[in-house]
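# Structural characterization, general
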Amino acid sequence: MQDPSAHDAHNGKLFIQTVGCQMNELDSELVVAALRKHGFQLTDDITSADTVLFNTCSVREHAEHKIYSALGRLKYSRRRRPQQVIGVMGCMAQKDQKLVFQKAPHVDIVVGTGQLSEIPGLIEDARANRGRHMAVSLARRDATRQTVAASFESYDPLRDPEMRPSAFQAYVRIMIGCDKFCTYCVVPMTRGPEQSRAPRDIVQEVHQLAAEGVKEVTLLGQTVNSYRHTEDGREYRLADLIAAFHDTPGLERIKFVTNYPRDMGDDLLQAVRDLPKLAHYLHVPAQSGCDEMLKRMKRGYTVADYREMMQRIHATVPDCAVSSDFIVGFCGETEEAHQKSMDLVREFRFKNSFIFKYSARTGTKADAIMLDDVPEETKRRRNVEMLELQTEISEEDNAERIGREYDVLVEGPSKTALKSADGEQGPLTQLTGRTRCDRIVVFDGNRRLTGSTARIRIDDCTATTLIGSIVTREFQHAPDGGLPILS
Ligand code: SF4
């Protein structure tokens, strides 16, 4: 890492807007941390910013429209601030490349997901020489897998604790890219080939985070349970990696997202059962409940395979909460196929599901060879139907928990509390946290409880939230950082 003092103390104000998944949130956190070391000051006022960055997502059309609209609005602010540098980074930058400059000619820099370390230099170049500056990775068809992989660099510099959204929670990237090539998905193109980071580096990062006070880490990968890396002659899968840092003192909870159904091995499920810091929660997207659709999506499993995986999850970790993703209105989805997806939601009663209307993405196989033949209105109706069904199930599932007690890792004032003067000033306010099964709980308490584990009795619920009250204020922790002891 370069010495911050070697750079200008003041590089002006930086505004960054992030859309998309946790991987993007982590990228933004790391880019901001790097830029702060170069003398940039973060602002949430876009109109006064000297540098504006958009960290973009290409998974859905809507996310791209949002960014192009925001860029359109900046055309006028740029006239007022001719020195302003405007940059587009992330998945849409990698996917659209020069098209970004065509659609938004006032953009100065376009940076793909594999070149984030170049951002400080590119901003400097854009200031010195007006014009277009672009750094992107090779396309998957442009070279061998190895060469393309080398053009996607995992961006994991030293962390800056001040830049984390929460002082005691952190994302840790364990792999980048994807090789599954689901026919609807741009990620294999925008994030490149699947590459797992070395266990040694990940363990070191977790140790550092825990030493800085982080209590919960969420491991990130597009297909996180496909993790595979050979180090010193030993092959590490996800379960081995987690075991390698599980006992880190201070660390209390470990989560990992997103899982790929076909790679849900028994070793990982046994780790979830046996390692006390692992959350009893798995996000495993099903995407459809119809074999024909799964085949068209090239998901690599059938409904029977998914069912077998769910049986293994529940047999190994009986209280494990499972959430899912679904795409409605994919190419060729009949009413019967849609009803099969609805049946799957009924059968597995997911904790929650993220439901998306299909939209064709340039560069994908579905866009190239399939007809986007489900009318928009039908997609909308199926989306609403599935959402209503899932909401009903989530509420019933939450209602079953009323009267029970849970250990809740307290995340801080709830969104509602933050909006009111209460959340700003405290001390007694509405707090939010999560159970080991990743269920959201709100309750009244002192904001000093943030980062600790509290025992909460559930009194009421909505479809998304458990509402409770404190039973025991805090846990004492064993000196070795092991299991909490009830005080
Ligand atoms: S597994 Fe499929 S949906 Fe998930 S990132 Fe890879 S290609 Fe996309």
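Residues numbered from 1 in each chain as written. Predicted model: local features only at pLDDT ≥ 70, side-chain atom pairs only at ≥ 80, totals over all residues. Heavy atoms only, no water.

### With respect to the overall build of the protein chain
Here is the rule: Working definition: helices are DSSP H or I runs of at least four residues, strands are E runs of at least two. Numbering for both runs from the N terminus. Throughout this description, buried means an accessible area under 20% of the type-specific maximum (1.4 Å probe, protein chains only), exposed means over 50%, and partly exposed covers the range between. Any pair of residues with heavy atoms lying within 4.5 Å of one another is described as a contacting pair. In these tables, accessible area is a Shrake-Rupley quantity obtained with a 1.4 Å probe, and a residue counts as shielded only by the protein chains included in the view. Counted charges follow a simple rule, with Lys and Arg positive, Asp and Glu negative, and His plus the chain ends left uncounted. To locate a charge, take atom NZ for lysine, CZ for arginine, CG for aspartate or CD for glutamate.
The secondary structure content of the protein chain amounts to 17 helices and 23 strands. Counting only C-alpha atoms, the protein chain reaches 65 × 55 × 55 Å along its principal axes. Scored against the burial criterion, the 487 residues of the protein chain give a buried share of 54%. A separation of at least 24 residues holds for 70% of the contacts in the protein chain among residues at least 6 apart in sequence. Carbon and sulfur atoms form 50% of the exposed surface of the protein chain, whose accessible area is close to 21600 Å². Between the averaged position of the 65 positive side-chain charges in the protein chain and that of its 70 negative side-chain charges there is a distance of 4 Å.

### Quick notes on the site of the ligand
So the rule is basically this: Note on definitions. A residue lies near a molecule or strand when any single heavy atom of the residue is within 4 Å of it. Gly is placed with the polar residues, together with every amino acid not listed as nonpolar (Ala, Val, Leu, Ile, Met, Phe, Trp, Tyr, Cys and Pro) or charged (Asp, Glu, Lys and Arg).
In the neighbourhood of the ligand, the contacting residues comprise C178, K180, F181, C182, Y184, C185, V187, P188, Q222, T223 and R299. Split into classes, the residues belonging to the shell around the ligand amount to seven nonpolar, two polar and two charged.

### Digging into helix α15 (residues 376-399)
The α-helix advances 3.6 residues per turn, and as a result positions three or four apart in sequence lie on the same side. What counts is decided by this rule: Here, expected helix span is obtained from the residue count minus one, scaled by 1.5 Å.
For α15, with 24 residues, the first-to-last C-alpha span of 34 Å sits near the 34 Å given by 1.5 Å per residue. When α15 is considered as a whole, its buried residues turn out to be T378, K379, R382, N383, M386, L389, Q390, I393, S394, D397 and N398.

### A short note on the sheet that holds strand β14 (residues 281-283)
Adjacent strands of a sheet pair through backbone hydrogen bonds, lying either parallel or antiparallel. The criterion, for reference: A pair of strands is labelled paired if DSSP reports no fewer than 2 bridges between them. To get an axis, a line is fitted to the C-alpha atoms, and for a helix only the part in contact is used. The angle between two axes follows their N-to-C directions and goes from 0 to 180 degrees.
The three strands are arranged β14-β15-β16 in an open sheet whose pairing can be described as parallel. Across the chains shown, the open sheet's two edge strands, defined by having one partner strand only, are β14 and β16 (353-357). On average, each strand axis in the sheet is tilted by 10° relative to the strand beside it, whichever way the strands run. Bridge count for strand β15 (residues 321-328) against β16 is five bridges, and the pairing is parallel.

### Thoughts on the domain arrangement of the protein chain
For the record, the criterion: Segment limits for the domains were obtained from an automatic or database-derived domain assignment. Accessible-area loss on putting two parts together, using a 1.4 Å probe and summing over both, is the definition of buried area adopted here. The salt bridge definition used is simple: a Lys or Arg side-chain nitrogen within 4 Å of an Asp or Glu carboxyl oxygen. Whenever a nitrogen or oxygen atom comes within 3.5 Å of another N or O atom, the pair is scored as a polar contact, on the condition that within protein one atom can donate a hydrogen and the other can accept it, and that pairs from neighbouring residues in sequence are kept only if both atoms are in side chains.
For the protein chain, the domain assignment lists domain 1 (4-149), domain 2 (166-279), domain 3 (283-400) and domain 4 (405-486). Taking the mean C-alpha position of each, domain 2 and domain 3 sit 24 Å from one another. Domain 2 puts 21 residues into the contact, and the matching count from domain 3 is 26 residues. Considering only the surface of domain 2 that becomes buried against domain 3, T183, Y184 and P261 emerge as the three largest contributors, covering 40% of it. Summed over the shared surface of domain 2 and domain 3, the number is one salt bridge. A salt bridge links R312 to D266; its shortest N-O distance comes to 2.7 Å. At the boundary of domain 2 with domain 3, the tally comes to eleven residue pairs in polar contact (both at pLDDT 80 or more). Taken together, the residues of the side of domain 2 that touches domain 3 sort by class into twelve nonpolar, five polar and four charged.

### Here's the deal with the state of the cysteines
Note the following rule: We call a pair of cysteine sulfur atoms a disulfide when they lie within 2.5 Å.
On inspection of all chains with the given rule, the structure shows zero disulfides. As a non-bridged cysteine, C320 has C437 as the owner of its nearest cysteine sulfur, 6.8 Å distant. Note on C320: relative accessible area 6%, which makes it buried. Classification of C437 as buried rests on a relative accessible area of 10%.

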